Amino acid sequence: MKKYLALLIALLMLAGCSQSKPENITELPVPPVEPEIILEESILNKDGMTILERYAPPKGYIRIEAVDGSFADYLRNQELKTYGEKVLYYDGREKSRTDVYDSVFDVDIGDRDLHQCADAVMLLRGEYLFEKGEFEDIKFNFVSGFKAEYSKWMEGYRIKVDGNNVSYYLGTDPSSSYESFRKYMDMVFAYSGTLSLENELVPVSVEDMEIGDVFIKGGSPGHAVIVVDMALNSENNKVFMLAQSYMPAQQTQVLINPNHEGISPWYSLDNMSSLKTPEWTFELDQLRRFND
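Presented here is an overview of the structure given in this document. (Residues numbered from 1 in each chain as written. Predicted model: local features only at pLDDT ≥ 70, side-chain atom pairs only at ≥ 80, totals over all residues. Heavy atoms only, no water.)

## So, helix α4 (residues 117-132)
Over its 16 residues, α4 extends 24 Å from the first C-alpha to the last, a length consistent with the 22 Å expected when each residue adds 1.5 Å. Here α4 lies mainly inside the structure; 14 of its 16 residues are buried. Once α4 ends, the next one or two residues include glycine 133, with phi positive near 75 degrees. (Helix = DSSP H or I, 4+ residues; strand = E, 2+ residues; numbered from the N terminus. Expected span 1.5 Å × (residues − 1). Buried < 20%, exposed > 50% of the residue type's maximum accessible area, 1.4 Å probe, protein only.)

## A few points about the pattern of salt bridges
Under the counting rule described, the total for this entry stands at 11 salt bridges. In this structure, aspartate 229 and arginine 76 form a salt bridge, with 2.8 Å as the shortest nitrogen-oxygen distance. Taken together, the positions of aspartate 229 in strand β9 (residues 223-233) and arginine 76 in helix α3 (residues 71-76) put the pair 153 residues apart, joining distant regions of the chain. Comparing aspartate 229 with arginine 76 shows no difference in burial state: the two are buried. Residue lysine 132 pairs with glutamate 134 through a salt bridge whose shortest N-O separation is 3.4 Å. What makes lysine 132 partly exposed here is its relative accessible area of 42%. The network of salt bridges with common partners includes Lys95, Arg97, Asp99 and Glu279. (Salt bridge = Lys/Arg side-chain N within 4 Å of Asp/Glu carboxyl O.)

## A look at the pairing of strand β5 (residues 157-162)
Across six bridges, β5 lies against strand β6 (residues 165-170) in antiparallel orientation. Its bridge partner lying in β6, tyrosine 157 is registered against leucine 170. Turn length for the β5-β6 hairpin, with the two strands adjacent in sequence and antiparallel, is two residues, and the turn residue glycine 163 shows positive phi of about 65 degrees. (Pairing = 2+ DSSP bridges.)

## Remarks on helix α6 (residues 178-191)
Residues spaced three or four apart along an α-helix point in a common direction, a consequence of the helix completing one turn every 3.6 residues. Over its 14 residues, α6 runs 20 Å from end to end, which matches the ideal 20 Å to within 8%, given 1.5 Å per residue. Those residues of α6 that fall on the buried side of the exposure criterion are Ser180, Phe181, Arg182, Tyr184, Met185, Met187, Val188 and Phe189. Taken together, the buried residues of α6 touch α4, β3 (139-141), β4 (147-149), α5 (150-154) and β5. (Contact = heavy atoms within 4.5 Å.)

## Quick notes on the nonpolar core
If you look at the biggest cluster of nonpolar residues, it comprises 77 residues, and the most contacted ones within it are Tyr184, Phe215 and Phe240. No other element matches α4, which puts eight residues into this core. (Core = buried A, V, L, I, M, F, W, Y, C linked by side-chain atoms within 4.5 Å.)

Dropping the structure here:
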């Protein structure tokens, strides 16, 4: 048993943004806070309550079309908290850094330290499929390799973790309620992370980037951000917006662009050899996509 527990602990240390999810954590080391980035008035509409309504594309750019009901359409229509509200941690504290994000997703993350970077991406994907009723497609791998299928959870099966052995057992009555779905997602959050999610996603070139793609680095430490909107100009140059959660568990947030204040929160990769975000720098070959 001690052998199995040691192996499980090692696996869980590869699971989240920092790859571990301790119950009592304060915050990662905080670098000096930079001056707040002021968005261009032509981009920002403080009264807008979704990404689509709050942020116009930079001058000369037009949003790419998104099919009604698509993942892209779902992401750019995510509801946001009132402009100026702060990101909250799972324990109700405010995120201390003000140089990271411009808006906060209106999302309930619970009261446990679970909803970190990869978890925010998985929740967006899972809730999109749940709303569409595509229950068979809601499945995520644990770091151990076990595939957690929501369709079986709906039937009343629950997941037993015994060391490195993971299995289903019939534990309750069938249910397709949202409350039950969120309990399933909490189970996924506890045993999945950047490493498992990276292995599930399909590599894609940045030239072929789409809304819903994920920049991700699995490991310890690791991180993930998701592309939530995109626009093009007449020369087919693209700009895009990113969202993330982080550690400790916190609400999903629209990231500012620390590289180009003039178009923030939009990003451009023109003349960029890497993607620098406020709390992580990704290599351009770390872009991945959900395999539909």
